[in-house]
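# Breakdown of the fold
Each chain is listed here by its residues.
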Amino acid sequence: MKFKELESRVATLSLGTENNYRVEHYAGQTVIVNSFALYQINENTVGSFREANDVVIIPERDRLALQKLAYKYSRTPLDERRDEPKFRVRMMPNLPNQNSSLYYVNYSLKNSEIDVGPDVDMSEDPLFRSKCHFTKKEYVSIQREFPEWLPKFDKDDPHFEIVEEDK
């Protein structure tokens, strides 16, 4: 389970209740908290989490759901817990004295085709189903389909720009 999935599922559990569960990091641990720490998951060990004694004051349904999430996250291998950084691939420069956008590789999820256009990641839009923000694994797969058009991944190549995450 990825960290963002844990965050999302814990936040979803809070919806419609007076409890405000959230996930935080401190002291090498991922912690599921309410007004106090409920579950502590060690970030250096697989399969290890600790339940606080005070957890009994939250509803049993929530306690069981949070316990399952903490267990599942704790069983995830350490290198699979964090989301891979995403990047975009710039293919055309921003020309001086022109009101042009930068142009990036776009991949159509519908047609499995590539084109170049502005940075508009529409992977969640069912009408367009295209993306221009990729993980390394996604890009390498696409680059293998179009080796004559797309450069090989190189984190030091200025074509590859990291997309800033929300956090």
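Cut-offs and rules
Residues numbered from 1 in each chain as written. Predicted model: local features only at pLDDT ≥ 70, side-chain atom pairs only at ≥ 80, totals over all residues. Heavy atoms only, no water. Helix = DSSP H or I, 4+ residues; strand = E, 2+ residues; numbered from the N terminus. Contact = heavy atoms within 4.5 Å. Areas by Shrake-Rupley, 256 points an atom, 1.4 Å probe, with all protein chains shown as cover. Buried < 20%, exposed > 50% of the residue type's maximum accessible area, 1.4 Å probe, protein only. Pairing = 2+ DSSP bridges. Core = buried A, V, L, I, M, F, W, Y, C linked by side-chain atoms within 4.5 Å. Salt bridge = Lys/Arg side-chain N within 4 Å of Asp/Glu carboxyl O.

### What about the overall build of the protein?
For the protein, the helix and strand inventory stands at 3 helices and 9 strands. Across the protein, helices and strands are ordered from the amino to the carboxyl terminus as α-β-β-β-β-α-β-β-β-β-α-β. Restricting to contacts in the protein with at least 6 residues of sequence separation, those with at least 24 account for 46%. Carbon together with sulfur atoms contributes 50% to the accessible area of the protein, which is approximately 10800 Å² in total.

### Let's talk about the side chain of Gln143
Residue position: Gln143 is located in helix H3 (residues 136–145). The contact partners of Gln143, leaving out residues within four places of it in the chain, are Leu150, Pro151 and Lys152.

### A closer look at the pairing of strand S2 (residues 29–33)
By the criterion of burial, S2 is predominantly enclosed, with 4 of the 5 residues buried. Sheet topology note: the strand S1 (residues 22–26)/S2 ladder contains 5 bridges and is antiparallel. Its bridge partner being in S2, Glu24 is matched across the sheet by Val31. The antiparallel hairpin formed by S1 and S2 contains 2 residues in its connecting segment, where Ala27 sits at a positive phi of about 50°. Inspection of the sheet shows S2 paired to strand S3 (residues 37–42) by 5 bridges, in the antiparallel sense. Opposite Val33, over in S3, you have Ala37 as the bridge partner. In textbook terms, the turn of a hairpin is the stretch between consecutive antiparallel strands, and for S2 and S3 this stretch comprises 3 residues.

### Examining the nonpolar core
Inside soluble globular proteins, nonpolar side chains tend to come together where they are buried. Counting 17 residues, the largest nonpolar core has Leu6, Val10, Tyr21, Ile32, Leu38, Tyr39 and Leu66 as its most contacted members. Mapped by element, the contributors of at least two residues to this core are helix H1 (3–14), S3 and helix H2 (60–75). Sequence-distant contacts of Leu6, that is, excluding residues within four places in its chain, are made with Met1, Val23, Thr30, Ile32, Leu69 and Tyr73. With 10 residues, the next largest nonpolar core counts Tyr107, Tyr139, Leu150 and Phe160 among its residues.

### Overview of the pattern of salt bridges
Throughout the structure, instances matching the rule amount to 9 salt bridges. A salt bridge links Glu161 to Arg90; its shortest N-O distance comes to 3.0 Å. Residue Glu161 is located in strand S9 (residues 160–162), and its partner Arg90 is located in strand S5 (residues 87–92); the two are separated by 71 residues in the primary sequence. Residue classification places Glu161 among the buried residues on the basis of a relative accessible area of 16%. Given the relative accessible area of 26%, Arg90 is considered partly exposed.

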